[in-house]
Protein chains: 2
Amino acid sequence: MLRDYDLAFETYGTLNADKSNAVLVCHALNASHHVAAVYEDQPDEHGWWDNMVGSGKPVDTDRFFVIGVNNLGSCFGSTGPTTMNPETGKRWGADFPLVTVEDWVDSQARLLDQLGVTTLAAVIGGSLGGMQAMSWAIRYPQRIRHALVIAAAPNLSAQNIAFNEVARQAIMSDSAFHNGAFADYNTVPKDGLTVARMIGHITYISDDQMESKFGRGLREGLKFSFAPEFQIESYLRYQGEKFSEYYDANTYLRVTKALDYFDPARQFEGDLSRAFAGITARMLVISFTTDWRFSPARSREIVKALLDADRDVTYAEVNAPHGHDAFLLDDRQYHAIVRGYLRGISTGAAT
Amino acid sequence: MLRDYDLAFETYGTLNADKSNAVLVCHALNASHHVAAVYEDQPDEHGWWDNMVGSGKPVDTDRFFVIGVNNLGSCFGSTGPTTMNPETGKRWGADFPLVTVEDWVDSQARLLDQLGVTTLAAVIGGSLGGMQAMSWAIRYPQRIRHALVIAAAPNLSAQNIAFNEVARQAIMSDSAFHNGAFADYNTVPKDGLTVARMIGHITYISDDQMESKFGRGLREGLKFSFAPEFQIESYLRYQGEKFSEYYDANTYLRVTKALDYFDPARQFEGDLSRAFAGITARMLVISFTTDWRFSPARSREIVKALLDADRDVTYAEVNAPHGHDAFLLDDRQYHAIVRGYLRGISTGAAT
């Protein structure tokens, strides 16, 4: 159990006088609190949602006070497997507890208490971030006026869980994993993380997009070897290896488990509309036509349950070729929808 | 290079007087020459296509002389990475050459020479076996009267290659792989093979089938651990571990590469109809609605190219829930199509 914890966060824009313009951005698997802009000493490290959040952007920091938090148990500054366990003087590693989507939301609420923000104008997130936005609407109806649930699902399908499990298996069977105590051996399960990320990456891109981007293109003619030959192979290996250099394996295992477990309908015998019964926030649900990880059908389940519960919901299905990754990309229609929706949100004293 | 090689094969039924009733069955990734029936001393080891091939079955051994061959380079009796290299006195291991779909077809043709079979009534295969049937029709038009191409594709998509590459990466990064020389170390890359098979298995089953078979079902209630909790997890781990106990890693790498390379249209600037121009066999192409590994759209590419080349083709799209695996399963509509098609094939003296 955690006695206390730190959360790394960033804010953009200014909290207005009646504190009615705060927007919380929730991140997905591998992102962080660094949502937008750049640091003075790292001019190339743009925030992961820099195309969405900033001055004059869809989430307009001239109008909103935007908060980015690194999730509890992640590896970018908040307390997690890579930080010190004060009781042992060593890194938490495999002893770090499992943290759920609900735990993230609760810890974010405590951060808002510290910041003096009672009510959020909106919570916004894509993928696992969208699940947090959904969970916010369920757990803190009195503290949130709008929830933007993008490229998400009401829970993971068996196939989603299967992909997560294979990725975990790749990490756990890496001989450098040492049951999660790899830091004690001054190593990291780089190969396992690489394979895990390669698997994940396949599910982030649409089949068509992969085809049009890489097709059967070869790097330098056919020559029969197990080195990367097809362009898609070298692309995936590059993505996997890059990821393995900055992401923590114990964090990966826990975050994917949090995804697997998320299922707000579970305590209502699978009836999602009952899970949504107490929601008072207005909901915007967005899906992308070619997303096969969390397909539009999964977003429609959310929308249907909200309608069944007589809640206020707007739904947009964006025609985008990029698959699940579309929620991170600069798509004109998608950004116009978010921009238009947020423009309609009142922020009290601010205009 | 291979100076000579052995091929393991089995036959069922009787070759008729004018040798016009021979049917060659081509296998996919992990199957073998043991297509049908059981051995006396292994009464539980049914052939991998025992529901399709046998007396009174769709491929009726009362009428046809059926030949099953273990592909060259496989690991079930034919010369391959697990057999001895006569030049070194050691197993071939990583030194075994890469073998293509075309090599398989050519070696099968040499086996038929040995058996005195000049012309095949039909070649039949699913998945990679279907690619061999297609290649037979292209390479040996004078030796084949019918080709049954089931659950196949004219080549692998970028996504197909991506899944293969991740599986290979899992095997090659296993510390027990030793660059393919694992036999010298008396070990096998069991973990890598397990992960590879788990990945493959996800692509063999339809999303819906996985959902209805496993859903979010738990093995014994939620209890937060990295042991398999969801039923889909234990199922996949079981499948992966079982596979890792009998399949050779070097074979896996080579067979998936043969899949990646297969592309008969390649030497015709991608024009599949030109690759098909010399085909004289009648073709039956079958796909399954929920197959997302080699979707019906991929089979329709084959059919369209055959029609563009003015070849004789029949196409059936079977409504089956099982995904790619459907080609191995006992589906009534599917079996009726194969049965009916083969019934219409003349076999000279045999009736």
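Anything mentioned here points back to the structure above.
Attention here is on the structure that accompanies the text. (Residues numbered from 1 in each chain as written. Chains lettered and ligands numbered in written order. Predicted model: local features only at pLDDT ≥ 70, side-chain atom pairs only at ≥ 80, totals over all residues. Heavy atoms only, no water.)

## A look at the pattern of salt bridges
Filter applied, for reference: What counts as a salt bridge is simple: a side-chain nitrogen of Lys or Arg found within 4 Å of a carboxyl oxygen of Asp or Glu. Each helix corresponds to a stretch of at least 4 residues labelled H or I by DSSP, and each strand to a stretch of at least 2 residues labelled E; elements are numbered beginning at the N terminus. Think of it in three bands: residues with accessible area under 20% of the maximum for their type are buried, residues over 50% are exposed, and the middle band is partly exposed, with areas taken using a 1.4 Å probe on protein chains only.
Scanning all chains against the criterion turns up 36 salt bridges over all chains. For Arg3 of chain A, the salt bridge identified is with Glu87 of chain A, shortest N-O distance 3.5 Å. Remark: Glu87 of chain A occurs in the loop between strand S6 (84–85) and strand S7 (90–91) and Arg3 of chain A occurs in the segment before strand S1 (9–12); sequence separation between them is 84 residues. For the pair formed by Arg3 of chain A and Glu87 of chain A, the shared burial category is exposed. A salt bridge links Glu269 of chain A to Arg274 of chain A, with the shortest nitrogen-to-oxygen separation between them at 3.1 Å. Take Arg274 of chain A: its relative accessible area is 40%, and that puts it in the partly exposed class. Here the salt bridges share partners, and the residues they tie into one network are Glu165, Arg168, Lys257 and Asp260 of chain A together with Glu229, Glu233 and Arg237 of chain B.

## Looking at the packing of aromatic side chains
The geometry of two aromatic rings is summed up by the distance between their centres and the angle between their planes. Defined as follows: Here is the rule: rings of Phe, Tyr and Trp (six-membered ring for Trp) pair when centre to centre is within 6.5 Å. Planes less than 30 degrees apart are stacked, more than 60 are edge-to-face, and the remainder are tilted. Here, a charge over a ring means that NZ of Lys or CZ of Arg falls within 6 Å of the ring centre while also lying within 35 degrees of the ring normal.
Inspection of the entire model under this criterion finds 34 aromatic pairs over all chains. Between Phe163 of chain A and Phe163 of chain B, the aromatic rings sit 6.0 Å apart at their centres with planes inclined by 15°, giving stacked as the arrangement. A residue pair is termed interchain when its members come from two chains, as with Phe163 of chain A in helix H3 (residues 158–172) and Phe163 of chain B in helix H3 (residues 158–172). One exposure class covers both Phe163 of chain A and Phe163 of chain B, and it is buried. Members of the aromatic cluster, each reached through a chain of ring pairs, are Phe76, Phe243, Tyr246, Tyr247 and Tyr252 of chain A. Over the ring of Phe294 of chain A we find Arg293 of chain A; its NZ or CZ atom is 5.6 Å from the centre of that ring.

## Considering empty space enclosed by the protein
Residue and element names in this part refer to chain A. Rule in force here: Grid spacing is 1 Å over the protein atoms alone, the probe is 1.4 Å, and a cavity is where that probe fits but cannot get out, while a pocket is an open set with protein on both sides within 12 Å along at least five of seven lines and lining residues have an atom within 4 Å of a point. Grid points are joined across faces, edges and corners, and a volume is the space filled by probe spheres set on the points.
Within this structure, the stated rule accounts for eight cavities of 30 Å³ or more. Counted as a void, the largest cavity has a volume near 60 Å³. Lining the largest cavity are Leu29, Phe163, Asn164, Ala167, Ala196, Ile199, Gly200, Thr203, Tyr204, Tyr252, Thr256 and Arg293. Every element with two or more residues in the lining of the largest cavity is listed here: H3, helix H4 (190–204) and helix H7 (249–261). Of all the elements, H4 adds the most residues to the lining of the largest cavity, at five residues.

## Digging into the sheet that holds strand S8 (residues 122–126) of chain B
Residues and elements named next belong to chain B. The cut-off we apply is this: When DSSP finds at least two bridges between two strands, those strands are taken to pair. Angles here are taken between N-to-C directions and fall from 0 to 180 degrees, while the axes themselves are lines fitted to C-alpha atoms, restricted in helices to the stretch in contact.
Here seven strands make up an open sheet; going across it, the order is S1-S5-S2-S8-S9-S10-S11 and the pairing mixed. With partners counted over all chains shown, the strands left at the sheet margins are strand S1 (9–12) and strand S11 (313–318), one partner each. Neighbour-to-neighbour, the strand axes of the sheet open up by a mean angle of 15°, direction not taken into account. Bridge count between strand S2 (residues 22–26) and strand S5 (residues 65–69): four bridges; the pairing is parallel. Looking at the pairing, Ala22 lines up with Phe65 of S5.

## Some remarks on the side chain of Glu10 of chain B
Residue and element names in this part refer to chain B. To keep things clear, this is the line we draw: Asp and Glu count as negative and Lys and Arg as positive, but His and the ends of the chain are not part of the count. Any pair of N or O atoms that falls within 3.5 Å is considered a polar contact. Within protein, one atom must be able to donate a hydrogen and the other to accept it, and sequence-neighbouring residues count only if both atoms are side-chain atoms. By definition in these notes, contact holds between two residues if any of their heavy atoms fall within 4.5 Å.
Inspection of the secondary structure assignment puts Glu10 in strand S1. It turns out Glu10 is buried and unbridged, and the closest side chain with the opposite charge, Lys57, is 12 Å from it. Engagement of the side chain of Glu10 in a polar contact is seen with the side chain of Tyr12, the distance being 2.5 Å. When near neighbours in sequence (up to four residues on either side) are disregarded, Glu10 contacts His33, His34, Val35, Ala36, Tyr39, Val66, Ile67 and Gly68.

## Some words on the layout of surface pockets
Over the atoms a probe the size of a water molecule is rolled, and this reveals where empty space is left. As a reminder of what qualifies: When residue character is reported, Ala, Val, Leu, Ile, Met, Phe, Trp, Tyr, Cys and Pro are called nonpolar, Asp, Glu, Lys and Arg charged, and the others, Gly included, polar.
In this structure, the largest pocket spans a volume of roughly 1100 Å³. Around the largest pocket sit 35 residues that line it, and Asn30, Trp48, Arg197, Tyr246 and Leu328 of chain B are the ones nearest its centre. For the lining of the largest pocket, the elements supplying multiple residues, two or more each, are helix H4 (190–204), helix H5 (207–213) and helix H6 (231–246) of chain B. Here the lining of the largest pocket gets five residues from one element, more than from any other, and that element is H6 of chain B. Along the lines of polarity and charge, the residues of the lining of the largest pocket split into 16 nonpolar, 13 polar and six charged. The calculated volume of the second largest pocket comes to roughly 880 Å³. Along its surface, the second largest pocket is lined by 28 residues, and Asp207 and Trp292 of chain A together with Thr290, Asp291 and Trp292 of chain B are the ones closest to its centre.

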